[in-house]
Amino acid sequence: MTELPRLERASAHTRLIVDGSPFLCLGGELRNSSASDPVHMAPIWRALGRSGVNSIIAPVGWDQVEPSEGEFDFSVVDELLAGARSAGVRLVLIWFGAYKNALSTYAPTWVRQDSARFERADRGPSPVRAPFTYEGSMPRPTLSVFSGPLREADEAAYGALMEHLARVDGDHTVVMMQVENEVGLLGSSRDSSAAAQLAWQSPVPEALVEAVANEPAAFHDDVVDLFGRSRPGGASWQERFGDDDPLADEVFMAWGFASYVGALAAKGKQIKALPVYANAWLGPQPGQDMPGQYPSGGPTARMSGVWRVAGPALDFVAPDIYVSDSESVMRGYTSGINPLFIPEARVLTGDAFRAFGAFHAMGYHVFGIDDVREESQLYDAFRKLLALAPQILDAQRDDRVMGFALDPGTDAATARLGSTTVTVRSAPKLLADMLLDAGVRLPEPAPHPDETLPSAHAPSPGDSRPFGIIVETGDLEYIALGRQAMIDFSREGSLLEIDSLRELRLHDGAWVEGRILNGDERLMILGAHGVSAVRITLIER
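Residues numbered from 1 in each chain as written. Predicted model: local features only at pLDDT ≥ 70, side-chain atom pairs only at ≥ 80, totals over all residues. Heavy atoms only, no water.

A word on the environment of Asp169. Relative to the helices and strands, Asp169 resides in the loop between helix H5 (148–168) and strand E7 (174–181). Non-local contacts of Asp169, meaning those with residues more than four positions away in its chain, are made with Leu81, Arg85, Val174 and Lys272. (Helix = DSSP H or I, 4+ residues; strand = E, 2+ residues; numbered from the N terminus. Contact = heavy atoms within 4.5 Å.)

Right, here's the structure in full:
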């Protein structure tokens, strides 16, 4: 039996340790229904084995493994383990238990049919319309997170899953667990079911009151302000906050969901102590400004402090990124307390470089990896990132790495690596400006892929942005990987210039030196065609 995967924390940096060594998770999440059918998965595993990625996130549905109460069938889990091993990848398993995207569609029939035992959430007369609903649509099941019998049944099933993994996965193909998926309440800021009302009229947990008072920096300013203006004489949620504050409703729901998910996480760790996290449907976000338009109480950046207190067994919370401004999302989920791990994101290659280089992420996964083409930019870039993983992991620990993705309208990015300032610029923009100075006008560029996508989950034809990662490998020595970028280095009190620029090629998973780039190629250090790598050596004078 190999060493159990774990998180290793050093100062403000956290990394995942697998088989005794740091591990950079890079791959994708399967579509929701793919893993339920081994026949459907067979060609996908073969394609993933050829892709070069090293981690896959796959769901396990409660309805499939416990179709009758107390009777378990983990054959789907065994098939996932066998498929992942055949493809040479590690697994992160999602427990699709009582909640998936704030709904209860993966709860077993015996749970959803018994509303007397397993109480449903009550949205009341809320004016908030939930996403993905329409006039005349059939009701979608949402169980109340305040239902004690539901928590007991969900916890028992999750515990049975972990017991099965402890028996059959001695080599730890599964390196991490995600408990539930994008939890929260849609359609209202607060559950008004009988169980929820009882909790609303109960005392605000003293642990939360004390944490906000004593460690305000660990909470979002909105939460600190909420407690600051509350009625301190009130004991219950209702007495302290009243019935008309959506933010108070969201904090109440966050406590409910974090306590629920945290209880499952604690149960699982007692059996097999894998790292475990919860993921978030982001909010507030454009078009979803109010709790209930996004899942109220989910592990958003604004609620992350509440989640840390209510669910201490969770190692971190993670964002699912489908918004355009990925940089601010990554920043909101990165701190000395919470490391960055991205379980779901659009198929947009450059954001992985941004995550690993700028925010020292432990992992990055695109959603719907089943649909990614084998010859895609994404797979080519991911193979090259993983070949550079040892240098990236060391550089993350020592803060010697820079990542960038120049969004439309952004022509440059700057970072400081030790005493050196590194500036990256859009090479196509620079080249166009220089040619314009000479009287030559280039044609207008094609639209950015994001502008042509029919939906947030659709596969992208390729990321047209300049993006990359730069790792300091020694004094005045760097490796850069990416596309369409010019890189400049400066150091106060001296002049720096390029001494050597050497192409690196990936051959059988290892980097080998290629051309000496001493001519016009220096106008675009990271080239226009595909994702390229170079070794840069500087002279200081």
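Now that the structure has been shown, the text picks up again.
Considering all chains together, one arrives at 19 aromatic pairs under this definition. Judged by centre distance (5.0 Å) and plane angle (75°), the rings of Trp200 and Phe252 are edge-to-face. Of the two residues, Trp200 is situated in helix H6 (residues 194–200) and Phe252 in helix H10 (residues 246–271); the sequence distance between them amounts to 52 residues. Per residue, the accessibility class of Trp200 equals that of Phe252, and both read buried. Cluster of aromatic residues (ring-pair linked, three or more members): Phe146, Trp200, Phe227, Trp237, Phe241 and Phe252. (Phe/Tyr/Trp six-rings, centres within 6.5 Å; stacked < 30°, edge-to-face > 60°. Buried < 20%, exposed > 50% of the residue type's maximum accessible area, 1.4 Å probe, protein only.)

Glancing now at the pairing of strand E20 (residues 510–516). Along any regular strand the residues' side chains alternate between the sheet's two faces. Where strand E19 (residues 496–507) lies against E20, 5 bridges are found, and the strand directions are antiparallel. By the bridge assignment for E20, Arg505 is matched with Val512. Between E19 and the antiparallel strand that follows it, E20, lie 2 residues; Asp508 among them carries a positive phi value of about 50°. (Pairing = 2+ DSSP bridges.)

With that settled, consider the sheet that holds strand E18 (residues 485–491). Strand order in this open sheet of 3 strands is E14-E15-E18, and the pairing throughout is antiparallel. Edge positions in the open sheet fall to strand E14 (412–417) and E18, since each of these has one partner strand only. Across this sheet, the average inter-strand angle for adjacent strands is 20°, counted without regard to direction. (Axes fitted to C-alpha atoms, helices over the stretch in contact; angles between N-to-C directions.)

So, about the pattern of salt bridges. Under the defined criterion, the tally for this structure stands at 35 salt bridges. The residue Asp394 makes a salt bridge to Arg397 at a minimum N-O spacing of 3.6 Å. Separated by 3 residues within a single helix, Asp394 and Arg397 lie in helix H15 (residues 389–398), roughly one turn from each other. Among the residues examined, Asp394 registers a relative accessible area of 33% and is labelled partly exposed. (Salt bridge = Lys/Arg side-chain N within 4 Å of Asp/Glu carboxyl O.)

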